[in-house]
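Summary of the model geometry
Each chain is listed here by its residues.
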Amino acid sequence: MDRFPPGPPPRRGLFDSLGYFYGFATDPIGFVRDRFIAYGDIYYAPSPDGGLYVLKHPDHLNEVLITNAAKYRKTHTALRSISRFLGDGLLTSDGETWKR
């Protein structure tokens, strides 16, 4: 049994990373949409800093954000980068700050 849900292969080297960043930067919604089409309502995007689960289905979101929120942490470096621009709001905060 796999440890992670299906998703894109790990990025290997500079060429893979440039393609990833270009695709995401030029059309972030389309980039994520295409991954949902390819992998389903939940996918795992591996990365050197631990990877990222991406969810779409309302039941999955309810599980993570409401039912078992205390079991999940926001540790991906992308969230730390985004927080520099968006501040410590709902998307980027975690724990008690997020609950409040």
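Residues numbered from 1 in each chain as written. Predicted model: local features only at pLDDT ≥ 70, side-chain atom pairs only at ≥ 80, totals over all residues. Heavy atoms only, no water.

Under the defined criterion, the tally for this structure stands at nine aromatic pairs. When the ring of Tyr 20 is compared with that of Phe 24, the centres are 6.4 Å apart and the planes differ by 10°; the resulting orientation is stacked. Separated by four residues within a single helix, Tyr 20 and Phe 24 lie in helix H1 (residues 13-26), roughly one turn from each other. Consider the rings of Tyr 20 and Phe 31, whose centres lie 5.3 Å apart with planes at 80°: the pair is edge-to-face. (Phe/Tyr/Trp six-rings, centres within 6.5 Å; stacked < 30°, edge-to-face > 60°. Helix = DSSP H or I, 4+ residues; strand = E, 2+ residues; numbered from the N terminus.)

As for its position among the elements, Arg 35 is in helix H2 (residues 28-39). This buried residue, Arg 35, is left without a salt bridge; Asp 34 holds the nearest opposite charge, at 8.6 Å. Apart from the residues within four sequence positions on either side, Arg 35 is in contact with Pro 8, Tyr 20, Gly 40, Tyr 43 and Ala 45. (Buried < 20%, exposed > 50% of the residue type's maximum accessible area, 1.4 Å probe, protein only. Lys, Arg positive; Asp, Glu negative; His and termini not counted. Salt bridge = Lys/Arg side-chain N within 4 Å of Asp/Glu carboxyl O. Contact = heavy atoms within 4.5 Å.)

This brings us to the layout of surface pockets. By volume, the largest pocket is sized at about 1,700 Å³. In terms of lining, the largest pocket is formed by 49 residues, of which the most central are Leu 52, Tyr 53, Val 54, His 76 and Leu 79. Mapped onto the lining of the largest pocket, the elements with two or more residues apiece are H1, H2, strand E1 (42-45), strand E2 (52-55), helix H3 (58-67), helix H4 (77-86) and helix H5 (95-99). Among the elements that make up the lining of the largest pocket, the one with the highest residue count is H4 (six residues). Grouping the constituent residues of the lining of the largest pocket by class yields 30 nonpolar, nine polar and ten charged. (1 Å grid on protein atoms, 1.4 Å probe; cavity = no way out; pocket = protein on both sides within 12 Å on 5 of 7 lines; lining within 4 Å. Points joined across faces, edges and corners; volume = space filled by probe spheres on them. Nonpolar A, V, L, I, M, F, W, Y, C, P; charged D, E, K, R; others polar.)

What follows is about the environment of Arg 80. Among the secondary structure elements, Arg 80 is positioned in helix H4. Using a relative accessible area of 47% as the deciding quantity, one classes Arg 80 as partly exposed. In the structure, Arg 80 is positioned 13 residues away from Ser 93 in sequence and 9.3 Å away in space, judged by C-alpha atoms.

Turning our eyes to something else, we now look at the pattern of salt bridges. Tallied over the full model, the rule gives two salt bridges. A salt bridge links Asp 41 to Lys 56; the nearest nitrogen and oxygen atoms lie 3.8 Å apart. Of the two residues, Asp 41 sits in the loop between H2 and E1 while Lys 56 sits in the loop between E2 and H3, which places them 15 residues apart along the sequence.

Take the pairing of E1 next. Inspection of the sheet shows E1 paired to E2 by four bridges, in the antiparallel sense. Within E2, the residue paired with Tyr 43 across the bridge is Val 54. Hairpin connection from E1 to E2: six residues lie between these consecutive antiparallel strands, with Gly 50 at a positive phi of about 120°. (Pairing = 2+ DSSP bridges.)

This part covers the confidence of the model for the protein. When the pLDDT values of the protein are averaged, the result is 85; 98% of them are 70 or greater. Taking the mean pLDDT of every element in the protein, the minimum, 75, falls on H4 and the maximum, 94, on H2. (pLDDT = per-residue confidence, 0-100.)

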